[in-house]
Amino acid sequence: IKMKLINKETWFNSDRRKIHVLFVNPDWCEENGEKFDPVDFIRELDEIGVQTVEFYIKDHHGMAYYPTKLGPWLGRDLLGPLVRECHKRNMKFIAYYSVRWDKAQRRKDGSVRDGKEGNVGQDCKTDKNSSYRAYMLKQVEEICQHAEIDGLWLDIFPVQDAELAKEFRD
């Protein structure tokens, strides 16, 4: 996974009009975001002067908002249209990815949980040989291949895991 790391001299620190969008649609939610229009949403944010949008692309329930081959997803792509509309309007897009804290973790046999097992909030292990670590890294790779995001917010990232952090930098 190749990502440019943000430093003090970048647009992120000089941009003062950012918004963090908490977009959560657990699999048991009726209508599950059917009425959400990503193009209208970005247009409205642009009209009020937002310059950077941070949007949940994989939430705490494990639900992905892009066509992933791994785990549960909304069933429609939000990532592509959100990024395209942001860039069309000279806005930046940061993909929010919840690390470790979801129901999409793997079982011991390597298969993916269906989202109904266990509780949200269980701590998925990111140890070097854990299947969840491989799952997470593959999803992040999918996100980077699917859309030209401007940044990636890894929430609940195990900062004490220097080796995992290096995997993201390399």
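See above for the structure.
Numbers given for residues are sequential positions, taken from 1 along each chain in its written order. Under the rules for a predicted model, residues below a pLDDT of 70 receive no local features and side-chain atom pairs below 80 are neither given nor counted, while totals for whole chains, interfaces and linings still include all residues. Working from all heavy atoms in the structure, the side-chain values ignore hydrogens and water.

Caption draft 1: Up close: the side chain of Lys58. The numbering of helices and of strands both runs from the N terminus, where a helix is a DSSP run of H or I of at least 4 residues and a strand a run of E of at least 2. Its place among the elements puts Lys58 in strand β2 (residues 52-58). Residue classification places Lys58 among the buried residues on the basis of a relative accessible area of 0%. At 2.6 Å, the side chain of Lys58 and the backbone oxygen of Ser98 are in polar contact. Exposure is judged per residue with a 1.4 Å probe applied to protein chains only, and the accessible area is read against the type maximum: over 50% gives exposed, under 20% gives buried, and values in between give partly exposed. Within 3.5 Å is the distance limit for a polar contact, defined as a pair of N or O atoms, with the added protein rule that one can donate a hydrogen and the other accept it, and that residues adjacent in sequence qualify only through two side-chain atoms.

Caption draft 2: Focus on unusual backbone geometry. We note that Asn90 has phi near 60 degrees; this positive angle belongs to a residue other than glycine. Within the secondary structure, Asn90 is located in the loop between α3 (79-88) and β3 (92-98). Classification of Asn90 as exposed rests on a relative accessible area of 72%.

Caption draft 3: Broad picture of the pattern of salt bridges. Salt bridges are defined as contacts in which a side-chain nitrogen from Lys or Arg sits within 4 Å of a carboxyl oxygen from Asp or Glu. Within the structure shown, the criterion is met by 7 salt bridges. Residue Arg89 pairs with Glu85 through a salt bridge whose shortest N-O separation is 2.8 Å. Counted as one network, the salt bridges with shared partners bring together Asp40, Arg43, Glu44 and Glu47.

Caption draft 4: Main features of the packing of aromatic side chains. Pairing of aromatic rings covers Phe, Tyr and the six-membered ring of Trp, with a centre-to-centre limit of 6.5 Å; geometry is then stacked below 30 degrees between planes, edge-to-face above 60, and tilted otherwise. Evaluated as defined, the whole model comprises 4 aromatic pairs. Plain terms: the ring middles of Phe36 and Phe55 are 5.8 Å apart, the flat faces sit at 35 degrees to each other, and that makes the pair tilted. Of the two residues, Phe36 sits in the loop between β1 (18-21) and α2 (38-47) while Phe55 sits in strand β2, which places them 19 residues apart along the sequence. The class of Phe36 is buried, set by a relative accessible area of 16%. Under the relative-accessibility criterion, Phe55 is labelled buried at 0%. On the numbers, 6.2 Å between centres and 70 degrees between planes, the contact of Phe41 with Phe55 is edge-to-face.

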